[in-house]
Amino acid sequence: MVEERKKLVELKNIDLIFNKGKRNANKAINNVSFDIYEGETFGLVGESGSGKTTIGRAILKLYDKDIDSGEILFDGKDVIKLKGEELKEFRAEAQMIFQDPQASLNGRMRVKDIVAEGIDVNGLAKDADDRTKQVEDLLKLVGLNHDHLTRYPHEFSGGQRQRIGIARALAVRPKFIVADEPISALDVSIQAQVVNLMKDIQKKEGLTYLFIAHDLSMVKYISDRIGVMHWGKILEIGSADQVYNHSIHPYTKSLLSSIPSPDPIFERQRTPIVYDPTAETDGQVREMREILPGHFVFSTEEEAAEYKKTATL
Ligand SMILES: Nc1ncnc2c1ncn2[C@@H]1O[C@H](COP(=O)(O)OP(=O)(O)OP(=O)(O)O)[C@@H](O)[C@H]1O
């Protein structure tokens, strides 16, 4: 018998409009639906302004406004309705790691206090010794050590600062982490280290990730499934292999063609594919249609029929 995978996060027809009703109204999320299964990494990619961060923050209920329509479920519970104790529990269960560790860490606090913030807020330590022990364990988990406890963020490299950000997120023992471009500000040589660290921690702690990035090059290493966003909509969802090696939507193909190759011969032959977005505004009715098992593309019925003829496994 095939075991049903548990859905940890469910997004159902989400709309989110900034400045609703005003002249500068902006539909940052437009009828987005997808699920994130427990234990998986869901990669969300797309160019700047496509709505990735808005989705991550909406799931975590970090805006002072609610989504405008649709439903977000976390562990079966409606996120919009969470209040009191349930909201506090959710705040610990669902954490965020930010793009710029420099900006997200308080420069006047020592590492031990930065990492312990969530422990203190949630009363997770029995006493001062237990607090220090928990912080030390967290630092060890992210590849830092005892000597780092009393230092300040500016004494660390970018990669180390991101490790501190990860330790801080883990301090409250979350189930789910939104990692918003966690490696984009880092040197390429450090990016793989942080991705590998996140993968190791995921295995050890049984975490579920939403991993946000603007290109597909690193996302494919960490993601089980990938969603491609453009103009507030998801245009393609599939396994990392389906999206990276067998992409279907022209926008995904264009994103892939824009990744520079480290191989100079490939790089010289690489021709970026220019995406024509007018199809998204031609008035035709499009929805996510399953082209191959688990591989969905935003398309009309006719487009889906065409995609099915040429799609490869
Ligand atoms: N607080 C806000 N108020 C008004 N508009 C916003 C707000 N946050 C985001 N937006 C707008 O919503 C759209 C989606 O932005 P979002 O930050 O989610 O995109 P993104 O794909 O994460 O981009 P980036 O990679 O640059 O972070 C953009 O047009 C942005 O200008």
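Residues numbered from 1 in each chain as written. Predicted model: local features only at pLDDT ≥ 70, side-chain atom pairs only at ≥ 80, totals over all residues.

As annotated in an unreviewed UniProt entry, the protein chain is ABC transporter ATP-binding protein from Lactococcus nasutitermitis. What UniProt records for the protein chain under Subcellular location (unreviewed entry) is the sentence "Cell membrane". (UniProt positions renumbered as here; feature names shortened; annotations may be inferred.)

Undergrad: How should the UniProt feature "domain: ABC transporter" (unreviewed entry) in the protein chain be read in this particular structure?
TA: The feature "domain: ABC transporter" (unreviewed entry), as given by UniProt, occupies residues 11-256 in the numbering adopted here. Between the C-alpha atoms that bound residues 11-256 the distance is 26 Å, and the span itself is 40% helix and 25% strand. (Helix = DSSP H or I, 4+ residues; strand = E, 2+ residues; numbered from the N terminus.)

Undergrad: Would you mind going over the packing of helix α4 (residues 111-121) against helix α6 (residues 158-170) with me for this structure?
TA: Geometry of a packed helix pair, given as the angle between the helix axes and the separation of the axes. Orientation of α4 relative to α6, taken along the N-to-C sense of each, is 35 degrees, at an axis distance of 6 Å. Where α4 approaches α6, its residues V111, I114, V115, E117 and G118 are matched on the opposing element by I164, A167 and R168. Considering only residue class, the contact of α4 with α6 consists of five nonpolar, one polar and two charged. (Axes fitted to C-alpha atoms, helices over the stretch in contact; angles between N-to-C directions. Contact = placed C-beta atoms within 7 Å. Nonpolar A, V, L, I, M, F, W, Y, C, P; charged D, E, K, R; others polar.)

Undergrad: Quick question: what am I supposed to make of the site of the ligand here?
TA: With respect to spatial proximity, 13 residues lie near the ligand, and among them F18, A28, S48, T53 and T54 are the closest. Mapped onto the shell around the ligand, the elements with two or more residues apiece are β2 (26-37) and α1 (52-59). Counting residues per element, the shell around the ligand draws most heavily on α1, at three residues. Its residues assigned to classes, the shell around the ligand comprises two nonpolar, 10 polar and one charged. (Near = placed C-beta within 6 Å.)

Undergrad: For this particular structure, what's the right way to read α1?
TA: Side chains that are three or four residues apart share a direction in an α-helix, a result of its 3.6 residues per turn. Of all eight residues making up α1, seven are buried, and the element is well covered by its neighbours. Just past α1, the residue K61 takes up positive phi, approximately 60 degrees. (Buried ≥ 20, exposed ≤ 12 C-beta atoms within 10 Å, placed from the backbone.)

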